[in-house]
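# Chain and residue survey
These are the residues of each chain, in order.
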Amino acid sequence: MRQPNQDPYSDEAIRGRAQIVWNRILDAGGSVDTVRILAITKALDPSAAVGAIAAGLFDLGESYVQEFAAKAPTVASSSRGEQARWHFVGGLQRNKINMLPPVELIHSIGSQKLATAVGSRREGQAVLVQVNIGMEAQKGGCHPDDTAALVDHCIDAGLDVQGLMGVARQAADDDTTEQFESLVRLADDLHLPVRSMGMSADLDLAVMAGSTMVRIGTALFGPRPPR
Ligand SMILES: *Cc1c(COP(=O)(O)O)cnc(C)c1O
């Protein structure tokens, strides 16, 4: 029988949901060798990140600098907390770079100004260039046509560019697939191995198109509290 107060972030609960996500990845033609799951813990209590690590999900993603800076020490001091590999996936303002805890990968370099600022403070930082594949005015990322120039600029700024990241505009499946395929074509042309694309709702299409890193929040942790 289900306990009335079952912890939604227990390692068993998260492991069960991660299995469902892995099944979707496998059905879409991905595998543990080709796709990494990033557990997006933004807006959630630190216990979500601790539970993810206990469930064997070591790649964790955050979106808000202040929240992340407050949460990281709590997670680090938990058992196995030192195994966390943090990623930053949200919009990054230049005046908050100094507050950002150390991260394995910044997914959201979308402008030359930001690249310059990050490069000057964190030489050699591994990054992804974010591309606005859905061409939405309110979304981050560079125009697809500017991707090559921004990658070059990042390299000149001392950053280690490993790949591209994109968030698809909500659309019919064919259209979503086309957006993901456009990111893969850009990454292929630039010989960049990492394609960070796919979230809870569209990870299947992203993996079919060639994602190497899916960023999953809701499907692992349930709905987020309103911010
Ligand atoms: C919040 C967020 C996600 C996770 O979204 P879900 O739909 O909850 O899986 C992925 N990527 C980015 C950039 C996000 O901000």
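So, how was this worked out
Residues numbered from 1 in each chain as written. Predicted model: local features only at pLDDT ≥ 70, side-chain atom pairs only at ≥ 80, totals over all residues. Heavy atoms only, no water. Near = heavy atom within 4 Å. Polar contact = N/O pair within 3.5 Å; in protein donor to acceptor, adjacent residues only side chain to side chain. Areas by Shrake-Rupley, 256 points an atom, 1.4 Å probe, with all protein chains shown as cover. Salt bridge = Lys/Arg side-chain N within 4 Å of Asp/Glu carboxyl O. Helix = DSSP H or I, 4+ residues; strand = E, 2+ residues; numbered from the N terminus. Buried < 20%, exposed > 50% of the residue type's maximum accessible area, 1.4 Å probe, protein only. Lys, Arg positive; Asp, Glu negative; His and termini not counted. Contact = heavy atoms within 4.5 Å. Phe/Tyr/Trp six-rings, centres within 6.5 Å; stacked < 30°, edge-to-face > 60°.

### Points about the site of the ligand
Neighbouring the ligand are Ile40, Lys42, Ser63, Val89, Met199, Ser200, Arg215, Ile216, Gly217, Thr218 and Arg224. With respect to the ligand, the side chain of Ser200 contributes an N or O atom lying 2.5 Å from an oxygen atom. The contact in question runs from an oxygen atom of the ligand to an N or O atom on the side chain of Arg224, over 2.8 Å. Coverage of the ligand by the protein amounts to 87% of the 390 Å² it exposes when considered alone.

### As for the pattern of salt bridges
Summed over all chains, the structure comprises 11 salt bridges. For the salt bridge of Asp204 with Arg24, the shortest nitrogen-to-oxygen distance reads 2.7 Å. Taken together, the residues span a long stretch of sequence, with Asp204 in helix α7 (residues 203-209) and Arg24 in helix α1 (residues 11-27) at a distance of 180 residues. Owing to a relative accessible area of 22%, Arg24 belongs among the partly exposed residues under this scheme. We note a salt bridge from Asp175 to Arg169, for which the minimum N-O separation is 3.2 Å. Exposure remark for Arg169: the relative accessible area of 26% places this residue in the partly exposed category. Salt bridges here are not isolated pairs; linked through shared partners, they connect Arg36, Asp59, Arg85 and Glu104.

### So, the side chain of Lys42
The topology assignment puts Lys42 in the loop between β1 (36-40) and α2 (46-54). It turns out Lys42 is buried and unbridged, and the closest side chain with the opposite charge, Glu67, is 8.8 Å from it. For Lys42, the residues in contact, after removing those within four places along its chain, are Gly61, Glu62, Ser63, Tyr64, Glu67, Lys71 and Arg224.

### Brief notes about the packing of aromatic side chains
How two aromatic rings sit relative to each other is set out by the distance from centre to centre and by the angle between their planes. On inspection of all chains with the given rule, the structure shows 3 aromatic pairs. Both rings, one in Phe68 and one in Trp86, keep their centres 5.0 Å apart while their planes meet at 55 degrees; by these two values the pair is tilted. With Phe68 in helix α3 (residues 65-76) and Trp86 in strand β3 (residues 85-88), this residue pair connects regions lying 18 residues apart in the sequence. For Phe68, a relative accessible area of 0% gives the class buried.

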